[in-house]
Amino acid sequence: MKKNIEKTGFNAIKESVLTNRITWFALLLIMIFTGLVRYRLLEVPMERDEGEYAYAGQLMLQGIPPYQEVYNMKLPGIYAIYAGIMAVFGQTHQGIHIGLLLANQATLLFVFLLARRLFNPLAAAASAAIFALLSVSGPVDGVFANAEHFVIVFAVGGLLMLWQAMSKDSQWRLFVAGILLGIAFIIKQHGFAFSAAAGGYILLDAWIQKPVSWRKLILRLLSLTGGIAVVVAGLFLAMVWMGVFEKFWFWMVDYARTYVAQIPLSEAWNCFTNSFTPIVGCAVLLWILIGLGIICLATRILCGRVRLFLLVYAILSLVAICPGFYFRPHYFVLLLPCAALLGGAAIYAISQSRPRIAWLSKLVPTALIIVCLGQTVYLQRQFLFLMTPAEACRFRYGPNPFPESLEIASFIQSNTVPGDTIAILGSEPQICFYAQRRSASGHIYMYPLMENHPFALQMQKEFIRETEAKNPKYMIFVDIPASWLVQHNSHMFLFEWFDRYQKNFQMMGVVAIYENQTVFHWAPNIPASIDSPFVVVLFERIKGR
């Protein structure tokens, strides 16, 4: 009898070791697969948010602080990350996308490690695979290095550290978790939701423990918030030291208040469904699995603390995508780690069933996740495997001049010297980055100038004043609606000024974007009329003016 018990125990240990090895091997395969997909699309042209981050990071590498020559309400953490990436991999869009690849791999690993602690190895591998596929998908702009990809690296890392700290009652781990979550916040404001998730979990975990240990609760909250405070205080001190705090405060607070008030609550649902429907449509079975994971939160299959953690994480992940009710596709990247964990919870729940044939408890969930992943890969096969980088960019962003920006910038760089400036009437900061030429104005986006808020006309006048003072050699007018988003009540002062100011310039090129091709017309062979509704016009300053 004793020998049988020992043999059974030995077999269980042997099976556990084998399962662990298989799941680590599965993780390796997942990382290789997504790495190869991303590597194939490294040369995808940058979209305008990437262009902003890259241009600001480029200026930082030249010793110019954020908000001095680039005005935007984005927190400067993302600029610092881009600067770091470019310092290592070079000031190219390929180098930036290598940085994105590595950030995604790090997040994937953190999701796997967190799921291992919450569930079991099989569910951890499933969570990693779900995150890997959803985060590279087209509908969330997965191959573009938006700030959200870098937010979740630190957010998931911070929550993983939080879970370990709570399990081991470790104050220093909570402090480190706070630092990581604080970094997530200073990359993008939406990241604060994950700091709130950590604090909310600590509070609720203490509340369900009877009696409440107030001393332990206070120590935990102080350790977490102390880490967050160090990062935020460091940011404020850096802005003061660099001499840009006034501009920083205006864009982070004054303008940001008007920005989040642009979309009325009545339009929020339509904005949400317009972005979320394609995200679900490219991975239907995976999102059904994620839905089953949500149902698991109402059962006792998961232990109480795991259910509480996932519930708080899910709610605050939803909060993270809500500011302003814009619900842009890349905002949903913030949801994906939690969604992947919920999918893993469903796989865990299925694996805990007790079928008559023991091995079915592993075979069924494994087969299920393979089918769900397979359907997702099949639905996105064109984007993942067949489209060229330029086609992938056009597929996601339509007639926006992102692929064309490379040739436009090459022309500008060839016909200017490093001290020359360029003025862009449109929201295409990637041109400044590619050309390695400074913008004449810090207003690299036209959107704030066209919005309905008290600062819009002031911003237009500031753009004009800065542009005239810098005397740009080239001026680019982007006649594409998505580069302006003009509203019915937008001030037209800037356009009236442009009609007068362009007389100091001569037309040097016209870029006409069509559905299936782009035609570049360079002087002197510029036709009298262009039949494309999407046009970029390049002007060169007339000598002596």
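Draft legend 1. The arrangement of the overall build of the protein chain in detail. A tally of regular secondary structure across the protein chain gives 22 helices and six strands. The C-alpha radius of gyration of the protein chain comes to 26 Å, within 12% of the 24 Å expected for a compact globule of 545 residues. The burial tally for the protein chain puts 55% of its 545 residues in the buried class. Taking the contacts inside the protein chain whose residues are at least 6 apart along the sequence as the reference set, 76% of them involve residues at least 24 apart. Summed over its atoms, the accessible surface of the protein chain is roughly 23800 Å², and 65% of this surface lies on carbon and sulfur atoms. Averaged over its 41 positive side-chain charges, the protein chain has a centre that lies 17 Å from the centre of its 30 negative ones.

Draft legend 2. Expanded view of a nonpolar patch on the surface. Together, Val284, Ile288, Leu292, Ile295, Tyr378 and Leu379 give the surface a local cluster of nonpolar side chains, amounting to about 550 Å² of exposed area. Those elements that place two or more of their residues in the nonpolar patch are helix H12 (284-296) and helix H15 (360-379). Residue contributions to the nonpolar patch peak at four residues, all from H12.

Draft legend 3. Seen up close, the pairing of strand E1 (residues 421-425). In terms of residue burial, E1 counts as a mostly covered element, since five of its five residues are buried. Burial along E1 is two-sided: the face carrying Thr421, Ala423 and Leu425 and the face carrying Ile422 and Ile424 are both buried. Sheet topology places E1 next to strand E2 (residues 438-439); two bridges connect them, and they run parallel. Residue pairing for E2: Ile422 is matched across the bridge by Ser439. Across four bridges, E1 lies against strand E3 (residues 474-479) in parallel orientation. Its bridge partner being in E3, Ile422 is matched across the sheet by Tyr474.

Draft legend 4. Highlighting the sheet that holds E3. The mixed open sheet is built from six strands, whose spatial order is E2-E1-E3-E6-E4-E5. Looking at the sheet topology across the chains shown, the edges are occupied by E2 and strand E5 (518-522). Both strand E4 (residues 505-513) and strand E6 (residues 534-541) contribute to a ladder of eight bridges, which runs antiparallel. When the bridges of E6 are listed, Val511 appears paired with Val536.

Draft legend 5. Spotlight on helix H21 (residues 456-470). Taking 1.5 Å per residue, 15 residues should reach 21 Å; H21 reaches 21 Å between its end C-alpha atoms and fits that length. Every buried residue of H21 is accounted for by Ala456, Met459, Gln460, Glu462, Phe463, Ile464, Glu466 and Thr467. Downstream of H21 by one or two residues, Asn471 has phi in the positive range, about 55 degrees.

Draft legend 6. Structural view of the packing of helix H13 (residues 304-320) against helix H14 (residues 336-351). At a minimum axis distance of 9 Å, the contact between H13 and H14 shows a crossing angle of 145 degrees. The interaxial crossing formed by H13 with H14 has left-handed handedness. Between H13 and H14, the residues in contact are Leu310, Tyr313, Ala314 and Ser317 and Pro337, Cys338, Leu341, Leu342 and Ala345, respectively. Within the contact of H13 with H14, the residues separate by chemical class into eight nonpolar, one polar and no charged.

Draft legend 7. Main features of helix H2 (residues 48-61). The end-to-end C-alpha distance of H2 is 20 Å, a good match for the 20 Å that 14 residues give at a rise of 1.5 Å each. Of all 14 residues in H2, 12 are buried; the element is thus mostly enclosed. Those residues of H2 not exposed but buried are Arg48, Asp49, Glu50, Gly51, Glu52, Tyr53, Ala54, Tyr55, Ala56, Gly57, Gln58 and Leu59. Taking the backbone nitrogen of Asp49 as reference, a side-chain oxygen 2.9 Å away marks Glu47 as the first, capping residue of H2. After H2 finishes, the residue Gly63 shows a positive phi value of roughly 90 degrees.

Draft legend 8. Focus on the pattern of salt bridges. In this structure the tally under the stated criterion is 12 salt bridges. Between Glu428 and Arg48 there is a salt bridge, and its shortest N-O distance comes to 2.7 Å. Placement of Glu428 in the loop between E1 and helix H19 (430-435) and of Arg48 in helix H2 is noted, with a sequence separation of 380 residues between them. Across the pair, Arg48 and Glu428 agree in class, each one buried. Across the salt bridge formed by Lys74 and Glu52, the nearest N and O atoms sit 2.8 Å from each other. Of this pair, Lys74 sits in the loop between H2 and helix H3 (77-89) while Glu52 sits in helix H2, placing them 22 residues apart in sequence. Of the two residues, Lys74 and Glu52, both sit in the buried class. Through salt bridges with shared partners, one network takes in Asp169, Asp205, Arg220 and Arg305.

Draft legend 9. Representation of the environment of Ala124 in the model. Among the structural elements, Ala124 can be located in helix H5 (residues 121-136). Expressed as a C-alpha distance, the spacing of Ala124 and Ala367, which sit 243 residues apart in the sequence, is 15 Å. For Ala124, the residues in contact, after removing those within four places along its chain, are Phe112, Ala115 and Arg116.

The rules behind these values
- Residues numbered from 1 in each chain as written.
- Predicted model: local features only at pLDDT ≥ 70, side-chain atom pairs only at ≥ 80, totals over all residues.
- Heavy atoms only, no water.
- Helix = DSSP H or I, 4+ residues; strand = E, 2+ residues; numbered from the N terminus.
- Rg over C-alpha atoms; globule rule 2.2 N^0.38 Å.
- Buried < 20%, exposed > 50% of the residue type's maximum accessible area, 1.4 Å probe, protein only.
- Contact = heavy atoms within 4.5 Å.
- Areas by Shrake-Rupley, 256 points an atom, 1.4 Å probe, with all protein chains shown as cover.
- Lys, Arg positive; Asp, Glu negative; His and termini not counted.
- Charge placed at Lys NZ, Arg CZ, Asp CG, Glu CD.
- Patch = residues over 30% accessible without salt bridge, like charges linked within 9 Å, V, L, I, M, F, W, Y side chains within 5 Å.
- Salt bridge = Lys/Arg side-chain N within 4 Å of Asp/Glu carboxyl O.
- Pairing = 2+ DSSP bridges.
- Expected span 1.5 Å × (residues − 1).
- Axes fitted to C-alpha atoms, helices over the stretch in contact; angles between N-to-C directions.
- Left-handed = near helix turned anticlockwise from the far one by under 90°.
- Nonpolar A, V, L, I, M, F, W, Y, C, P; charged D, E, K, R; others polar.
- Polar contact = N/O pair within 3.5 Å; in protein donor to acceptor, adjacent residues only side chain to side chain.

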